[in-house]
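Understanding the architecture of this molecule
Below are the chains, spelled out letter by letter.
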Amino acid sequence: VHEFWSTQPVPKSSEEVVADGPLHPPLAPELIPKEPHPLPEGMEWCLVDINSPNEMNEFHDLLLNNYVEDADSMFRFNYSLEFLRWALLPPGFNKDWHVGVRDSATKKLMAFISGIPVDIMVRDKTIRMAEINFLCLHKDMRSQRMAPLLIKEVTRRVHLVGIFQAVYTAGRLLPKPVSTCRYFHRSLNPKKLMDTGFSQKLDGTQLAKLVSSLRLPILTTIPGLRAMRKGDVSQVRKLLNRHLKTRYDVLPVFRTDAEIAHWFLPREGVISTYVVDDPESPGKLSDFMSFYSLASSVLKPAGVARSKGAVRKPHGVRPQTTHATVNAAYMFYYGTKTDYGVSLTEEEKLACGGQKKEKALIKERENTLIGARLTDLARDALILAKGAGFDVFNCLDMMDNSMFTRELKFGPGDGYLRYYFYNYSARSVAADKIGFVML
Ligand code: JJ1
C-alpha cells in the first residue's frame, strides 16, 4: 500500500511498537552517497538561501499557493516571510537542509523541503534529530512521485552530518504515528469566522448569543504579566526545560540561551511571549507562555464548498466573502513553577498509608494547581491575542492544553496532527504527553 514508506525505516502500520530504539544503526560514512539523488529530466536541485530576499519571495510564493490545506480546501496556511525566517534560521541551522527543486528550463521553484537540528527527548533518551518541515510540491507536479525524492535527499544531507533520526508531523495518516493530536479552536471574532466558513453558520439571534458568551475582558488578569525581554532568557530556559521534562514524554531540550532568545523573544507578527514577573519579588519569573502567528488564506467563499446536492441558500443569508485571510494565533510553549513545593501534612501522609498513595495525592494536587494556573495564563493569552487582532486562537490537545480548553470555550476542529519519527520506533505517546510543538 505504501510504495515509498514500506522501504523506509519507520514502523509498519500493523505493528505494535513495544520498545523504544533506532530501526537501523548509524550508517558508515562510505555508505552515504556524496551526490544528490538524481531527479527526473528537466528538474534540478537547488538550495534556497533564507537570507536572500529574492529566493525567500519565491519560497513564500510556493507555499502560499501550494502548501497545506484543510480537508475541504477552504483554507490554506499562509506563512509570512518573517515567520519562515524565524522557523528556518535557528542557532545551528544548516543551509544545506533548505532544499529546493527548480524547473531546469524556467528556473521556477517547484518544490521544497527543510530540516533544522533539534535535540528531542523521548522518555529517558535524548537524541539529536532533524526536524523536517515545509515539504511542499507545486500543484502542477503532484502525483509524480516527487515527495519521496525530496525526503530521500534531505535524509541524505542529514546523514552526512552524522544524524540518523528525524521528527516530522503531518495531517495525514502515514506509517506510523507515535502520537495523534487534535486541533482545538477558540473563536475571538465569531462573525468573521462564520463569514469565511471557518465556523458554523448561525442566524442573527444565535450569533448574538455566541458573541456574548465568548466576550473577553480587555485587560489581562495575572499580576506582573509583561512581554518577555532579553534579560528573561535564562530564567525562561530553566522554567521551560523543567516544565517539559517533568510533564511530558516527548520534548525538545533547549541547551543554550541563544536558542531560547531565538524561539521566544517577541517578533512582531511572528512570536509573542509573555512572562509573569512576580510583583512580590521583581525580576523573578514564575511563569511564561507564548503563541505564534500564522494566517490562513480563505480559498473559497463559504457556501461554495457545500456537498453535492445541497440546496443553495437564498441570497439574503449567503455569507460574506470579503475576507482574504483568517488570522490565527497558535499556542506555543509555556512553563510554570506552580507545582513547586506541594507537600502533605503528617496527618495526610498517615491517611495515605504508603509512599505510592502519597505520590499519587501529590501529583493530583499539583495537577489541580497547574490546571488552574495554565487556565489563567491561557485566558490572558486569549485576551492578548484578541487585542492584537487575531480572529481565532488554536492549539492541539497536546501538552497540558486539555486542562484549559473546555473552560476557555475552545472547540474541536476537523483537523488532526500526527507526530512521526524517522528511524526511531517508539511506543505510542498520548497526546497530552507530547511536549514538542512543530510550526
Ligand atoms: O482549521 C481547521 N479546521 C477549521 C476549519 C474547517 C473548515 C472545513 N474543513 C475548523 N473549524 C471549526 C472551528 C470551530 C470554532 C469554534 C469552536 C468549535 C470549532 O475545524 C483544521 C484544524 O482543525 N485545519 C486543518 O485541517 C489544516 C491542516 C492541519 C494539518 C497540518 C499539517 C502540518 C504538516 C507539517 O508540519
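Residues numbered from 1 in each chain as written. Predicted model: local features only at pLDDT ≥ 70, side-chain atom pairs only at ≥ 80, totals over all residues.

Considerations on the overall build of the chain
Counting its secondary structure elements, the chain contains nine helices and 14 strands. A compact globule built from 439 residues would reach a C-alpha radius of gyration of about 22 Å, and the chain, at 23 Å, matches this within 12%. With the C-alpha coordinates of the chain rotated into their principal frame, the extents come out at 75 × 65 × 45 Å. Every one of the 439 residues in the chain was classed for burial, and the buried ones make up 36%. By sequence separation, contacts in the chain at least 24 residues apart represent 79% of the contacts at least 6 residues apart. (Helix = DSSP H or I, 4+ residues; strand = E, 2+ residues; numbered from the N terminus. Rg over C-alpha atoms; globule rule 2.2 N^0.38 Å. Buried ≥ 20, exposed ≤ 12 C-beta atoms within 10 Å, placed from the backbone. Contact = placed C-beta atoms within 7 Å.)

Focus on the domain arrangement of the chain
Per the domain assignment, the segments making up the chain are domain 1 (5–176) and domain 2 (181–307 + 315–433). One C-alpha centre belongs to domain 1, the other to domain 2; they are set 27 Å apart. On the domain 2 side, the residues contacting the 44 residues of domain 1 number 42 residues. Listed by contribution, the elements that provide at least two residues to the side of domain 1 that touches domain 2 are strand 2 (75–78), helix 2 (81–88), strand 4 (109–122), strand 5 (125–137) and strand 6 (166–170). By residue class, the composition of the side of domain 1 that touches domain 2 is 28 nonpolar, nine polar and seven charged. (Domains from an automatic or database assignment. Nonpolar A, V, L, I, M, F, W, Y, C, P; charged D, E, K, R; others polar.)

Notes on the site of the ligand
The immediate surroundings of the ligand are formed by 20 residues, with Gly 171, Tyr 183, Gly 411, Gly 413 and Gly 415 found nearest. Mapped by element, the contributors of at least two residues to the shell around the ligand are strand 6, strand 7 (179–187) and strand 14 (411–422). Residue contributions to the shell around the ligand peak at five residues, all from strand 14. Tallied by class, residues from the shell around the ligand come to eight nonpolar, nine polar and three charged. Mapped onto the domain boundaries, the shell around the ligand takes at least three residues apiece from domain 1 (5–176) and domain 2 (181–307 + 315–433). (Near = placed C-beta within 6 Å.)

As for the packing of helix 6 (residues 233–247) against helix 7 (residues 257–264)
Packing of helix 6 against helix 7 brings their axes to within 9 Å, and their N-to-C directions diverge by 95°. When the axis of helix 6 is compared with that of helix 7, the two are roughly perpendicular. Across the interface between the two elements, Val 233, Ser 234, Val 236 and Arg 237 from helix 6 touch Asp 257, Ile 260, Ala 261 and Phe 264 from helix 7. (Axes fitted to C-alpha atoms, helices over the stretch in contact; angles between N-to-C directions. Parallel < 35°, antiparallel > 145°, perpendicular 65-115°, else oblique.)

Some remarks on the environment of Gly 171
In this fold, Gly 171 is placed in the loop between strand 6 and strand 7. A residue is classified by how many C-beta atoms lie within 10 Å of it, and Gly 171, with 13 of them, is partly exposed. For the pair Gly 171 and Asn 133, spaced 38 residues apart in sequence, the C-alpha separation works out to 12 Å. Residue contacts for Gly 171: discarding those within four places in its chain leaves Val 68, Gly 415, Tyr 416 and Leu 417.

Thoughts on unusual backbone geometry
Residue Pro 175 is joined to Lys 176 through a cis peptide bond whose omega torsion reads -20°. Within the chain, Ser 73 stands out as a residue other than glycine whose phi angle is a positive 50°. Looking at where Ser 73 falls in the secondary structure, it is placed in the loop between helix 1 (53–66) and strand 2. The phi dihedral of Asn 423 is positive, around 55°, even though this residue is not glycine. With respect to the secondary-structure elements, Asn 423 resides in the segment after strand 14.

Topic: the environment of Arg 247
Mapped onto the secondary structure, Arg 247 falls in helix 6. The class of Arg 247 is partly exposed, set by 19 C-beta atoms lying within 10 Å. Taking the C-alpha atoms as reference points, Arg 247 and Asn 65, separated by 182 residues in sequence, lie 38 Å from one another. Ignoring any residue separated from it by four or fewer positions in sequence, one finds Arg 247 in contact with Asp 400 and Gly 435.

A short note on the nonpolar core
Within the largest apolar cluster, 107 residues are counted, with the highest numbers of intra-cluster contacts made by Phe 112, Val 236, Phe 288, Ala 381, Ala 385 and Ile 434. Taken together, domain 1 (5–176) and domain 2 (181–307 + 315–433) each give at least three residues to this core, which thus spans both. When near neighbours in sequence (up to four residues on either side) are disregarded, Ile 434 contacts Ser 179, Cys 181, Tyr 248, Val 250, Met 398, Met 399, Tyr 419 and Val 429. (Core = buried A, V, L, I, M, F, W, Y, C linked by C-beta atoms within 7 Å.)

Points about the pairing of strand 4
The buried count for strand 4 comes to 11 of 14 residues, which makes it a mostly enclosed element. Sheet topology places strand 3 (residues 98–103) next to strand 4; five bridges connect them, and they run antiparallel. The residue bridging Val 101 from the neighbouring strand is Ala 111, located in strand 4. Connecting strand 3 to the next strand, strand 4, in antiparallel fashion are five residues, including Lys 107 with a positive phi near 65°. Pairing geometry for strand 4 and strand 5, over 11 bridges, is antiparallel. What sits directly across from Pro 117, in strand 5, is Ala 130. Remark: two residues form the turn of the hairpin made by strand 4 and strand 5, two consecutive strands paired antiparallel; Arg 123 in that turn has positive phi of roughly 50°. Here strand 4 pairs with strand 9 (residues 250–252) via three bridges, running antiparallel. (Pairing = 2+ DSSP bridges.)

Some details on the confidence of the model for the chain
Considering every residue of the chain, the mean pLDDT works out to 95; 95% of them sit at 70 or more. ipTM for the predicted complex: 0.99, alongside a pTM of 0.95. (pLDDT = per-residue confidence, 0-100.)

Quick notes on helix 3 (residues 146–160)
Across its 15 residues, helix 3 extends 21 Å between first and last C-alpha, which sits within 8% of the 21 Å expected from 1.5 Å per residue. Within helix 3, the full set of buried residues consists of Leu 149, Leu 150, Ile 151, Val 154, Thr 155, Arg 157 and Val 158. Gly 162 sits one or two residues past helix 3 and shows a positive phi near 80°. (Expected span 1.5 Å × (residues − 1).)

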